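# Examining the three-dimensional arrangement
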Amino acid sequence: MAEDWKPTISRCCVLSLLMLKSCWLLGSASQKPTTLVDSQHPTQEYAHSVRLDGDIILGGLFPVHARGERGVPCGELKKEKGIHRLEAMLFAIDLINKDPDLLPNVTLGARILDTCSRDTYALEQSLTFVQALIERDGSDVRCANGEPAIFAKPDKVVGVIGASASSVSIMVANILRLFKIPQISYASTAPELSDNTRYDFFSRVVPPDSYQAQAMLDVVTAMGWNYVSTLASEGNYGESGVEAFVQISREFGGVCIAQSLKIPREPRPGEFDKIVLRLLETSNARAVIMFANEDDIRRILHAAKHNNLTGHFLWVGSDSWGSKISPVVQQEQVAEGAITILPKRTSVDAFDRYFKSRSLSNNRRNVWFAEFWEENFGCKLGMHGKRPGSPKKCTGLEKVGRDSNYEQEGKVQFVMDAVYAMAHALHHMHHELCAGQPGLCPQMANIDGKELLAHIRAVNFNGSAGTPVTFNENGDAPGRYDIFQYQINNMSTAEYKVIGHWTNQLHLNMEALQWLTDDSFLPASVCSLPCRQGERKKVVKGVPCCWHCERCEGYHFQASEFTCELCSYEMRPNQNRTGCQPIPIIKLEWHSPWALVPVFISVLGIIATTFVIVTFVRYNDTPIVRASGREMSYVLLTGIFLCYIVTFPMIAAPDIAVCSFRRIFLGLGMCFSYAALLTKTNRIHRIFEQGKKAVTAPRFISPASQLIITSSLISVQLLGVLVWFAADPPHTFVDYGEQRTQDPGNARGVLKCDISDLSLICSLGYSILLMVTCTVYAIKTRSVPETFNEAKPIGFTMYTTCIIWLAFIPIFFGTAQSEERCHLQKPPTSATQTTPCEESTPLKGGRPRTFTLQTSVRHRGAPSLADLEKELSVQSEGSGSCRVRCRGVVFFILEEAGNCPHCCTSDDHTKKTIQEKKRKKLCGPTTFVVVFKKNKNKTWFWL
């Protein structure tokens, strides 16, 4: 399972080894034809195989001993991994030989070898399995008396059960495939053994690590961990397991690898402390995926404990950790919360009864059982025992499970399933070739390995745990795993608790999870915390699980996980910036101070004007009223009244009726007043000018004539208003630019009547003309006699009015001009924004204002293409071109076509914007210059 390197053996190398082994066997055979070990004498320490006679011989490879040190091939005995598994094969063969329905009248035998947990030693031992297939030329070999040599006929092995470690299985599989000997492993899980082109005679009853890696990835995903580190023991098992995990995580996405560390085969002192500290460098990657042998696991946990990192790492262990106690002994706290995985298995009760009944007297066939006996009971068997330093002598009456601790090794089930899979394949082959004939028929005298392999891949039976035993086309067993978590309960007792299982998909009981902090929340192992609402992810290059969160600023909202987009002009981001909402529309309210003050003054003016009108009506025929020119006085009072009354439609909520009244009364009141004053000053001027020339009175100075003249002047204003109504019917619009603040929360749209600056100038311009003309006549009549004292107050009024208007006009239109200055925020860069955003703002006249600038925009007069060229000292791209370039600034001239502009540029973003304008009916018969700004601080556009 969890060790050794990846070998590559050529056919020539294998044949060379076979020749060396054969020469050694030939030399041995000439001196000692056979050597069988059937007793427990001291010579057993040199025995390396168990042999059972039978009609069909199966080979077996088990790590009875650990790897030796300092050139010694074998080390200490492995009680569980070695003896338990070996006895499981012997027990399975016993059951099969007693089963009348499985291989009836056919006895299975065995030749079991010790691999000593070393691949090279296992290769040497496995040459024993192919001896019978090697043709020997003994013509040159003679005995001492000159007789021809008699060679011991080696056992013909038809199939091999094993090995345990993936590296050993790979080494052995390379030689067995050359002789077409099928092999079924009970513990090797390396993914590369699934390569049916290289290991075509290899099968296994355990799932490969690719399934295990998928199950571990599913566990990591279910925990919400997306940033993990991997740790592997140097060798085939660890490296290929991590490689499978990394590959699957890349294919499925969502999990990133912070670090991939490797534990050396021969670690130096302090190596594990260095590994733990390196894992701590990416402290956010708390989850550590481990494909390591149990010795390395134990030392890693010890290093974490030594560096006071208990509770920091979230261990996810492979089946080499599983539910074993040895890696966590005296390290329970640092291992708490570890999630481990193990192929689904069940303890075989029949094997427990069998193994507990084994003794020195009834188990002589196992040449290593005496050594197990000494190791298990801590005693010594005679003077040649394996434990020379033990003071206690074995009595032979000790009992497994009574005088020693016993727990069934985890792979016993799979060893038995592997033996049964071989037996079922042989049974089907026997049924097919021998047609029910009892015993071996001649057709099975030489079993074809390729044919046997086909029967192995076709088996389907319930194994010792009650689960189906099958193989896919690559010889792999289906993936079935139990998920464990190492937990410490309230009684401070540590145990592995099943929290789920995996069979092609994960089934996890999240409520059964328990963590060191006793927190109901799952511990995190993420590179970056999720962004809050209204923030986009800016992914770190090369690490898709790591990102920086950037808030969508200004009028941008979170369009997706990675992008912010600009809201349409009449919209603003909602509070959490996950979408856009309409900008609130406001209007001038009656309770506003800006309305109360003008209304109060207007009411006072209306009352005063009404009082004067009532007084004039009451004293209409008095000399004073008649002398003051009552007709013109009534007209003047009407104009003053209209000037005061116009305040109310200006404050009222805009609609078509209100906008109509605004247009009518905006200049009408002043037109009444100035027309009356102009008529009066003109009458005085004509009277005195005529008096200088003749005694007769000038014409049209009667009250009726004065009313007619005044009405004529007023009718010009009314005629202009009617033309305005016809050319541009009154309507309302929402001005979103007036109160478009930097903070979208304060942005408001103002409901307004569609009265443009030009219309306003035209409407008031006539009144200004009357005022100026009246002022001219006031100047001319300034020296009239005092009896005509009306001329001087009129002159004074005109002088002050002119001063007021001279101050009002630049202030009003200067303010309007400053409103055209727009301050735009720069949009954040995103993966989807490759061109500047274009926005459109309706002006007071209803026509759209188009700009794409990211700074202040200044409005100028209407420049032609030639003006732009002259202003910027650039040349257009060809005659009649729509595009002008100037030091990184590109001007797109949108020319008039009917009622909507079109653009002759090929820029898709501009075309899309114009089409949107057409859809919203914002465009009118004018010329646009759309400016894509890059480097300049200011640009101009024509509206």
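Shown above is the structure to which this text applies.
What counts and what doesn't
- Residues numbered from 1 in each chain as written.
- Predicted model: local features only at pLDDT ≥ 70, side-chain atom pairs only at ≥ 80, totals over all residues.
- Heavy atoms only, no water.
- Helix = DSSP H or I, 4+ residues; strand = E, 2+ residues; numbered from the N terminus.
- Buried < 20%, exposed > 50% of the residue type's maximum accessible area, 1.4 Å probe, protein only.
- Contact = heavy atoms within 4.5 Å.
- Areas by Shrake-Rupley, 256 points an atom, 1.4 Å probe, with all protein chains shown as cover.
- Polar contact = N/O pair within 3.5 Å; in protein donor to acceptor, adjacent residues only side chain to side chain.
- Salt bridge = Lys/Arg side-chain N within 4 Å of Asp/Glu carboxyl O.
- Core = buried A, V, L, I, M, F, W, Y, C linked by side-chain atoms within 4.5 Å.
- Expected span 1.5 Å × (residues − 1).
- Pairing = 2+ DSSP bridges.
- Disulfide = S-S within 2.5 Å.
- Axes fitted to C-alpha atoms, helices over the stretch in contact; angles between N-to-C directions.
- Parallel < 35°, antiparallel > 145°, perpendicular 65-115°, else oblique.
- Nonpolar A, V, L, I, M, F, W, Y, C, P; charged D, E, K, R; others polar.
- Lys, Arg positive; Asp, Glu negative; His and termini not counted.
- Phe/Tyr/Trp six-rings, centres within 6.5 Å; stacked < 30°, edge-to-face > 60°.
- Lys NZ or Arg CZ within 6 Å of the ring centre and 35° of its normal.
- Patch = residues over 30% accessible without salt bridge, like charges linked within 9 Å, V, L, I, M, F, W, Y side chains within 5 Å.
- Charge placed at Lys NZ, Arg CZ, Asp CG, Glu CD.

### Some words on the overall build of the protein
If you tally the helices and strands in the protein, you get 23 helices and 35 strands. Of all 943 residues assigned to the protein, the portion counted as buried reaches 49%. Look at the contacts in the protein between residues 6 or more apart in sequence, and 66% of them connect residues 24 or more apart. Taken as a whole, the protein presents about 46,100 Å² of accessible surface, with 56% of it coming from carbon and sulfur.

### With respect to the environment of Arg 577
Structurally, Arg 577 can be placed in the loop between strand E23 (571-573) and strand E24 (580-582). Separated by 18 residues in sequence, Arg 577 and Ala 559 place their C-alpha atoms 9.0 Å apart. Within the structure, Arg 577 has its side chain in polar contact with the backbone oxygen of Gly 554 (distance 2.8 Å).

### What about the pattern of salt bridges?
In the structure shown here, the tally under the stated rule is 25 salt bridges. When the shortest N-O distance is used, the salt bridge between Asp 296 and Arg 299 registers 3.0 Å. Note that Asp 296 and Arg 299 are positioned in helix H8 (residues 294-306) at a spacing of three residues, about one turn of the helix. Between Arg 402 and Asp 403 there is a salt bridge whose closest N-O contact spans 3.0 Å.

### What about the nonpolar core?
Soluble globular proteins tend to bury their nonpolar side chains together. If you look at the biggest cluster of nonpolar residues, it comprises 68 residues, and the most contacted ones within it are Met 89, Leu 108, Ile 184, Phe 351 and Leu 426. Ranked by the residues each element gives to this core, the list is headed by helix H12 (residues 412-434), at 14 residues. When neighbours within four sequence positions are excluded, Met 89 is seen to be in contact with Leu 58, Gly 59, Gly 60, Phe 62, Ala 110, Ile 112, Ile 161, Val 415 and Val 419.

### What about helix H19 (residues 703-727)?
In this model H19 runs 36 Å from its N-terminal to its C-terminal C-alpha over 25 residues, within 8% of the 36 Å that 1.5 Å per residue would give. Turning to H19, its buried residues are Ser 705, Gln 706, Thr 710, Ile 714, Gln 717, Val 721 and Trp 724.

### Here we look at unusual backbone geometry
A cis amide bond, omega 5°, links Gly 162 with the succeeding residue Ala 163. Its location among the elements puts Ala 163 in the loop between strand E6 (157-161) and helix H4 (166-176). You will see that Cys 116, though not glycine, has its phi angle at about 55°, which is positive. Considering the arrangement of structural elements, one finds Cys 116 in the loop between strand E5 (108-114) and helix H3 (119-126). Judged by relative accessible area, which is 0%, Cys 116 ranks as buried. For Arg 577, which is not a glycine, the phi torsion comes out positive at approximately 60°. For Arg 577, a relative accessible area of 10% puts it in the buried group.

### Quick word on the pairing of strand E20 (residues 543-551)
When strand E19 (residues 535-540) meets E20, the two strands line up antiparallel, connected through six bridges. Paired with Arg 536 across the two strands is Glu 550, which belongs to E20. Where E19 folds back on E20, the antiparallel hairpin that results is connected by two residues, among which Gly 542 adopts a positive phi of roughly 85°.

### Some points on the state of the cysteines
As enumerated under the stated definition, the model contains nine disulfides in all. One disulfide bridge connects Cys 74 with Cys 116, the sulfur atoms lying 1.6 Å from each other. Classification of the bridge connecting Cys 74 and Cys 116 rests on its S-S torsion, roughly 80°, and on that basis the disulfide is right-handed. Within this pair, whereas Cys 74 is found in strand E4 (residues 74-77), its partner Cys 116 is found in the loop between E5 and H3, the two being separated by 42 residues in sequence. Here Cys 256 pairs with Cys 545 through a disulfide, and the sulfurs are 2.1 Å apart. Across the S-S bond of Cys 256 and Cys 545 the torsion is about 85°, and the bridge reads as right-handed. In this pair, Cys 256 is assigned in strand E10 (residues 256-263) and Cys 545 in strand E20, connecting sequence segments 289 residues apart. Like Cys 256, the residue Cys 545 is buried in the burial classification. As a non-bridged cysteine, Cys 802 has Cys 774 as the owner of its nearest cysteine sulfur, 8.8 Å distant.

### A look at helix H6 (residues 236-252)
Relative to the 24 Å expected for 17 residues at 1.5 Å per residue, H6 spans 24 Å between its end C-alpha atoms, a close match to the ideal helical length. Within H6 the residues assigned to the buried category are Asn 236, Tyr 237, Gly 238, Ser 240, Gly 241, Val 242, Ala 244, Phe 245, Val 246, Ile 248 and Ser 249. Buried residues along H6 sit in contact with H4, helix H5 (209-222), strand E9 (227-233), E10 and strand E11 (287-291). Backbone geometry just after H6 places Gly 253 at a positive phi near 70°.

### Notes on the sheet that holds strand E18 (residues 506-508)
Spatial ordering of the open sheet is given by E10-E9-E11-E12-E13-E16-E17-E18, a layout of eight strands whose pairing is mixed. The sheet is open, and its two edges are formed by E10 and E18, each paired on a single side. The mean inter-strand angle of the sheet, taken between neighbouring strand axes irrespective of direction, is 25°. Where E9 lies against E10, six bridges are found, and the strand directions are parallel. Residue pairing across strands places Ser 233 opposite Ile 263, the latter belonging to E10.

### A short note on the sheet that holds strand E26 (residues 732-739)
On the basis of which strands lie adjacent, the open sheet formed by three strands has the order E25-E27-E26 and mixed pairing. Only two strands of the sheet have a single partner each, and these edge strands are strand E25 (585-586) and E26. Of the pairings in the sheet, the one linking E26 to strand E27 (residues 748-753) comprises five bridges and is antiparallel in character. Pairing of Phe 733 across the sheet is with Lys 752, part of E27.

### Concerning the packing of helix H2 (residues 79-98) against helix H10 (residues 349-356)
Where H2 meets H10, the closest approach of the two axes is 10 Å, and the angle between their N-to-C directions is 105°. By the angle between their directions, the pair H2 and H10 is classed as roughly perpendicular. In contact with Ile 83, His 84, Glu 87, Ala 88, Leu 90, Phe 91 and Asp 94 of H2, H10 contributes Ala 350, Phe 351, Tyr 354 and Phe 355. The class makeup of the residues in the contact of H2 with H10 is eight nonpolar, one polar and two charged.

### Some points on the side chain of Arg 577
For the buried Arg 577, no salt bridge exists, and the shortest N-O distance to an oppositely charged side chain is 5.1 Å, to Glu 553. Within polar-contact distance, the side chain of Arg 577 engages the backbone oxygen of His 556 at 2.9 Å. Each residue touching Arg 577, except ones within four places of it in the same chain, is listed here: Gly 534, Arg 551, Cys 552, Glu 553, Gly 554, His 556, Phe 557, Gln 558 and Pro 744.

### Quick look at the packing of aromatic side chains
Summed over the entire model, instances satisfying the criterion amount to 19 aromatic pairs. When the ring of Phe 62 is compared with that of Tyr 186, the centres are 5.1 Å apart and the planes differ by 15°; the resulting orientation is stacked. Taken together, the positions of Phe 62 in strand E2 (residues 56-62) and Tyr 186 in the loop between strand E7 (183-185) and strand E8 (202-204) put the pair 124 residues apart, joining distant regions of the chain. Comparing Phe 62 with Tyr 186, the two get one shared label, buried. Joined through ring pairs, the aromatic side chains of Phe 91, Phe 351, Tyr 354, Phe 355, Phe 369, Phe 372, Trp 373, Phe 377 and Tyr 406 make up one cluster. Here the basic side chain of Lys 537 rests over the ring of Trp 547, its NZ or CZ set 3.8 Å away from the ring centre. Cation over ring: Arg 663 sits above Phe 725, and NZ or CZ is 5.8 Å from the ring centre.

### Notes on a negative patch on the surface
Together, Glu 69, Glu 76, Glu 234 and Glu 266 make up a region of like negative charge exposed at the surface. With respect to the helices, strands and loops of the structure, Glu 234 is situated in the loop between E9 and H6. Overall, Glu 234 belongs to the partly exposed group, its relative accessible area being 31%.

### Here we look at the pairing of strand E17 (residues 494-502)
In terms of strand pairing, strand E16 (residues 481-488) meets E17 through eight bridges, oriented antiparallel. Across the sheet, residue Gln 485 finds its bridge partner in E17, namely Lys 497. Two successive antiparallel strands, E16 and E17, enclose a turn made up of five residues, where Ser 492 displays a positive phi of approximately 60°. Taking the residues that link successive antiparallel strands as the turn, the E17-E18 hairpin has three residues, and the phi of Asn 504 there is positive, at about 70°.

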